[in-house]
Amino acid sequence: MRKTDYFILILALTICPCITTFAQTPDAKTEKELLKIQDEWAAARVNRDVPYLEKLYAKEFRITNIGGSSVTRQQDIDNFASGDLRPESVVDEEIKVAVYGNTAVVTGIENVKGTYKGNRGEFSIRFTNVFVRRDKRWQLVVHHGTQIPKK
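Residues numbered from 1 in each chain as written. Predicted model: local features only at pLDDT ≥ 70, side-chain atom pairs only at ≥ 80, totals over all residues. Heavy atoms only, no water.

Asker: Which residues make up the nonpolar core, and what values go with them?
Answerer: For soluble globular proteins, nonpolar side chains are generally found buried alongside one another. In this structure, L34, L56, Y57 and F131 are the most contacted members of the largest nonpolar core, which totals 23 residues. Listed by contribution, the elements that provide at least two residues to this core are α3 (28-46), α4 (50-56), β1 (57-64), α5 (73-82), β3 (85-100), β4 (103-116), β5 (119-134) and β6 (137-147). The next biggest cluster of nonpolar side chains, apart from the first, holds eight residues, and it includes A98, Y100, V130 and V141. (Core = buried A, V, L, I, M, F, W, Y, C linked by side-chain atoms within 4.5 Å. Buried < 20%, exposed > 50% of the residue type's maximum accessible area, 1.4 Å probe, protein only. Helix = DSSP H or I, 4+ residues; strand = E, 2+ residues; numbered from the N terminus.)

Written as structure tokens, this is what we have:
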């Protein structure tokens, strides 16, 4: 297991047991800020806005995608920069925000349409995003998505 994998595991083990006990109701300003980031991130992926992704993603950013694979920050950015990943739309719903000091967890459902390496797809995922507040801004450190089966 790599050092970053240990970090993600420790982060998950630390945050998950505390969710019901220590979660702070986010103030309206913080919740609005995180919801805005979610919207901006969706737009950045559709528009392949690499500079936005580079600013949003923490150095240790990791994705666990719907296939169970782990993707690094650079691999994700490269997928957008190369055009391999081309979402036509990314629409979030059922979003919930919880704040734990300088850490925030945003959950919801993401509806995605687009292509990956020329293969067309449309699906919904239930996601968990973990943000940390550094240098007076929120950075995304972990994104985990699980595909929701079509009914």
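Asker: Could you give an account of unusual backbone geometry, naming the residues involved and the relevant values?
Answerer: One non-glycine residue with positive phi stands out, namely E94, at about 55°. Mapped onto the secondary structure, E94 falls in strand β3. For K136, which is not glycine, the phi torsion reads 65° and is therefore positive. Mapped onto the elements, K136 comes out in the loop between β5 and β6. Since its relative accessible area comes to 77%, K136 is described here as exposed.

Asker: Would you mind going over the packing of aromatic side chains in detail, with residue names and values included?
Answerer: Throughout the structure, instances matching the rule amount to two aromatic pairs. Their ring planes at 80° and their centres at 6.3 Å tell us that W41 and Y57 sit as a pair that is edge-to-face. In this pair, W41 is assigned in helix α3 and Y57 in strand β1, connecting sequence segments 16 residues apart. Residue classification places W41 among the buried residues on the basis of a relative accessible area of 2%. By relative accessible area, which is 1% here, Y57 ends up buried. Ring centres of Y57 and F61 lie 4.0 Å apart, and the angle between their planes is 20°; on these two criteria the pair is classed as stacked. Among the aromatic residues, ring-to-ring pairing joins W41, Y57 and F61 into one connected group. The ring of W41 has R45 sitting right over it, with the charged end atom 3.7 Å from the ring centre. (Phe/Tyr/Trp six-rings, centres within 6.5 Å; stacked < 30°, edge-to-face > 60°. Lys NZ or Arg CZ within 6 Å of the ring centre and 35° of its normal.)

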